[in-house]
Amino acid sequence: MDKQFIQNIREDFPILSEKVYNKELVYFDNAATTQKPKCVVEKIEQGYYRYNANIHRGVHYLSQKATEEHEAARTTVAQFLNAEKREEIIFTRGTTEAINLVAFSFGEAFCHEGDEVIISVMEHHSNIVPWQMLCERKGMTLKVIPMNERGELEIEAFKALLTEKTKIVSIAHVSNVLGTVNPVKEVIRLAHEKNIPVLVDGAQAVPHIPVNVQELDADFYVFSGHKIYGPTGIGVLYGKENWLNAIPPYQGGGEMIQTVRFEKTTYNVLPFKFEAGTPDYIGSTALAEALRYVQNIGLEKIAAYEHELLEYGTKLLNEIDGMRIIGTAKEKSSVISFLVGNIHPYDIGMLLDKLGIAVRTGHHCAQPLIDSLEIPGTVRASFAFYNTKEEIDQFVAALKRVVIMLS
Ligand code: PMP
């Protein structure tokens, strides 16, 4: 992507021209949440100003229009992930709710005492705790795939963990701390050899690499709208139709029912069975707008440009004395976690902030990973396609100043 193209893109994101402490903002916290292009915010405004009405139940014009928009958004998401059927797309509040849904409903249908769930050492808390809760509820065991010193999954160890007791495997497509792009297709193939389904946490993948759920053969694939330039409070669960039909509803309420009698309730068909209550139909339509925005640029193009930023940033950071980059996998997304000497990551983050640079510090909701590395946390810079090499220069220059101050 050439400079002018990026400059034009940046104009779609008004927040990028904000000043913080009277300094130009450098926003490198994209793995936590991304900024929103004007078209997404305008879509939200349009939804509330032009066709806001509760969906699915109304006979009147506005309700039908809102329903059409929400259902069209479902089709956009299905196409984005290349799902076979639009009914396989369930709107949730985000990745976290989608994983909780599967951990609960799949657990109710298929899990029993003595069974096992496999996750990996680099999971976000959202892909740990719901499975631990399932394990506690059912008397099951959580198994953890280890990684090597570069932050890549140990596939041989994974093979050894797969047994007749394994009920489901749940792993991140991309690690939010290490940036590692996991070989999920291979993980799925190995699990499927033993008829074990796989959930892929795609929160950090969909904004950065093209995802095709049919090609991956993922049984469940989840992501959050806010990490892909969409609004907060909306996310997606993709599930293969046969799995979604085989597991019970997660929440009860309006919309997910066919008939309700005090004696017995029957449930609605997919996808409504999993969408109890008034859904976030404004959020879903704005998410669809964000996906169109990303698709218009092109995910292949985004991936290539962000890789350039990753390589550029990695090279410059490695020139700093005492630099230790955490996560050096061969396949890496645009996330750089690091430590400098013995300086606490929090101190670096605090001082960078005062220079206008937004990075994240701490355990990044992956405490078991941070503990396994025996470090206090990391400083994490994560790039999006609206970031530039000039911003990386600014960041590295600021970091050098900060390191001198703290050494
Ligand atoms: N999984 C991963 C890999 C993440 O990076 C995140 C967000 N940091 C989540 C899950 C949780 O996403 P959300 O808070 O949007 O539900």
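It should be emphasised that the depicted structure is a prediction, and the values quoted were computed from it without experimental measurement.

Participant: How do you make sense of the overall build of the protein chain when you look at a structure like this?
Facilitator: For the protein chain, the count of helices and strands is 14 helices and 17 strands. Taken over the C-alpha trace, the protein chain has a radius of gyration of 22 Å; the compact-globule value for 407 residues is 22 Å, and the two agree within 12%. In terms of its C-alpha atoms, the protein chain occupies a principal-axis envelope of roughly 70 × 55 × 35 Å. Counting the 407 residues in the protein chain, one finds 55% classified as buried. Contacts in the protein chain between residues at least 24 apart in sequence constitute 71% of all its contacts with a sequence separation of at least 6. Charge-centre separation for the protein chain: the mean point of 41 positive side chains lies 2 Å from the mean point of 52 negative side chains.

Participant: Help me out: how do you make sense of the state of the cysteines in this one?
Facilitator: Structurally, a disulfide amounts to a covalent bond that connects the sulfur atoms of two cysteines. Inspection of every chain in the model, using the stated rule, returns zero disulfides. Lacking any disulfide linkage, cysteine 135 is separated from the closest cysteine sulfur, that of cysteine 111, by 8.1 Å. For cysteine 135, a relative accessible area of 7% gives the class buried.

Participant: Would you take a moment to explain the site of the ligand for this structure?
Facilitator: Residues in contact with the ligand, as listed here, are Thr95, Thr96, His124, Ser126, Asn176, Asp201, Ala203, Gln204, Ser224, His226 and Lys227. Threonine 95 is positioned such that a nitrogen or oxygen atom in its backbone is 3.5 Å from an oxygen atom of the ligand. Here a nitrogen atom of the ligand sits 2.5 Å away from a polar atom, N or O, in the side chain of aspartate 201. For the ligand, the protein covers 85% of the area, taking 400 Å² as the surface of the free molecule. Among the residues making up the shell around the ligand, the classes are represented as one nonpolar, eight polar and two charged.

Participant: Is there a simple way to think about the pairing of strand S7 (residues 166–172) in this case?
Facilitator: The side chains of a regular strand alternate between both faces of the sheet. Counting buried positions along S7 gives six out of seven residues, so the element sits mostly inside the fold. Looking at chain direction, strand S5 (residues 116–120) and S7 are connected through three bridges and run parallel. Bridge assignment links glutamate 116 to a residue of S7, and that residue is threonine 166. Sheet analysis places S7 next to strand S8 (residues 198–201), joined by four bridges and oriented parallel. Bridge pairing in S8 places valine 169 opposite valine 198.

Participant: Please explain the nonpolar core as it appears in this structure.
Facilitator: Soluble, globular proteins show a tendency: their nonpolar side chains are buried together. Grouped together as the largest cluster of nonpolar side chains are 100 residues, with contacts concentrated most on Leu81, Val169, Tyr221, Leu317, Phe338, Phe385 and Phe395. With eight residues, the top contributor of residues to this core is helix H10 (residues 281–297). Each of domain 1 (3–30 + 298–406) and domain 2 (41–295) gives at least three residues to this core. Sequence-distant contacts of phenylalanine 395, defined by excluding residues within four places in its chain, comprise Phe28, Leu317, Phe338, Leu352, Ile357, Val359 and Ala381. Counting residues in each nonpolar core, the second largest holds 25 residues, with Ile119, Cys135, Met140 and Phe274 among its members.

Participant: Would you mind showing me how to read the packing of aromatic side chains here?
Facilitator: Centre-to-centre distance and the angle between the planes together describe a pair of aromatic rings. In this structure the tally under the stated criterion is 18 aromatic pairs. Judged by centre distance (4.7 Å) and plane angle (45°), the ring pair of tyrosine 229 and phenylalanine 385 falls under tilted. In this pair, tyrosine 229 sits in the loop between strand S9 (220–224) and strand S10 (235–239) while phenylalanine 385 sits in the loop between strand S17 (378–382) and helix H14 (389–406), placing the two residues 156 residues apart along the sequence. Assigned by exposure class, tyrosine 229 and phenylalanine 385 land together as buried. Seen in terms of ring centroids, phenylalanine 385 and tyrosine 386 are 5.7 Å apart; in terms of plane orientation they differ by 65°. Their pairing is edge-to-face. Here phenylalanine 385 matches tyrosine 386 in class, with each residue buried. An aromatic cluster is present here, built from Phe13, Tyr229, Tyr293, Phe385 and Tyr386 joined pairwise through their rings. Sitting over the ring of tyrosine 51, lysine 65 keeps its end group 5.2 Å from the ring centre.

Participant: Explanation requested: the sheet that holds S9 in the structure shown.
Facilitator: Where strands meet in a sheet, backbone hydrogen bonds hold them as pairs that are either parallel or antiparallel. Read across the open sheet, the seven strands follow the order S4-S10-S9-S8-S7-S5-S6; overall the sheet is mixed. On the outer flanks of this sheet lie strand S4 (89–92) and strand S6 (141–145), each paired with one strand and no other. Along the sheet, successive strands turn relative to each other by an average axial angle of 20°, direction set aside. Sitting on the sheet, helix H3 (residues 61–81) is in contact with S4, S9 and S10, with an inclination near 115° to S4. Taken strand by strand, helix H4 (residues 95–110) contacts S4, S7, S8, S9 and S10, and its axis lies near 155° from that of S9.

Participant: Honestly, the side chain of histidine 208 in this entry has me stumped. Any pointers?
Facilitator: Locating histidine 208 in the fold gives a position in the loop between S8 and helix H8 (213–216). Judged by its relative accessible area of 8%, histidine 208 is buried. Side-chain polar atoms of histidine 208 contact the side chain of glutamate 306, separated by 2.6 Å.

Participant: Just to check I follow, could you spell out the sheet that holds S17 for this structure?
Facilitator: If you walk across this open sheet you meet the four strands as S13-S14-S17-S16, and the pairing is antiparallel. The sheet terminates laterally at strand S13 (323–326) and strand S16 (360–362), the two strands that pair on one side only. Strand-to-strand twist in this sheet, taken as the mean axis angle between neighbours without regard to direction, amounts to 30°.

Participant: I would appreciate a short explanation of the domain arrangement of the protein chain in the present structure.
Facilitator: Accessible area lost when the parts come together is the quantity often used to give the size of an interface. Entries for the protein chain in the domain assignment read domain 1 (3–30 + 298–406) and domain 2 (41–295). Taken over C-alpha atoms, the centre of domain 1 sits 28 Å from the centre of domain 2. At the junction of the two partners, domain 1 supplies 35 residues and domain 2 supplies 28 residues. Across the interface of domain 1 and domain 2, roughly 2500 Å² is buried in total on both sides, 61% from carbon and sulfur atoms.

Parameters and conventions
- Residues numbered from 1 in each chain as written.
- Predicted model: local features only at pLDDT ≥ 70, side-chain atom pairs only at ≥ 80, totals over all residues.
- Heavy atoms only, no water.
- Helix = DSSP H or I, 4+ residues; strand = E, 2+ residues; numbered from the N terminus.
- Rg over C-alpha atoms; globule rule 2.2 N^0.38 Å.
- Buried < 20%, exposed > 50% of the residue type's maximum accessible area, 1.4 Å probe, protein only.
- Contact = heavy atoms within 4.5 Å.
- Lys, Arg positive; Asp, Glu negative; His and termini not counted.
- Charge placed at Lys NZ, Arg CZ, Asp CG, Glu CD.
- Disulfide = S-S within 2.5 Å.
- Near = heavy atom within 4 Å.
- Polar contact = N/O pair within 3.5 Å; in protein donor to acceptor, adjacent residues only side chain to side chain.
- Areas by Shrake-Rupley, 256 points an atom, 1.4 Å probe, with all protein chains shown as cover.
- Nonpolar A, V, L, I, M, F, W, Y, C, P; charged D, E, K, R; others polar.
- Pairing = 2+ DSSP bridges.
- Core = buried A, V, L, I, M, F, W, Y, C linked by side-chain atoms within 4.5 Å.
- Domains from an automatic or database assignment.
- Phe/Tyr/Trp six-rings, centres within 6.5 Å; stacked < 30°, edge-to-face > 60°.
- Lys NZ or Arg CZ within 6 Å of the ring centre and 35° of its normal.
- Axes fitted to C-alpha atoms, helices over the stretch in contact; angles between N-to-C directions.
- Buried area = accessible area lost by both parts, 1.4 Å probe.

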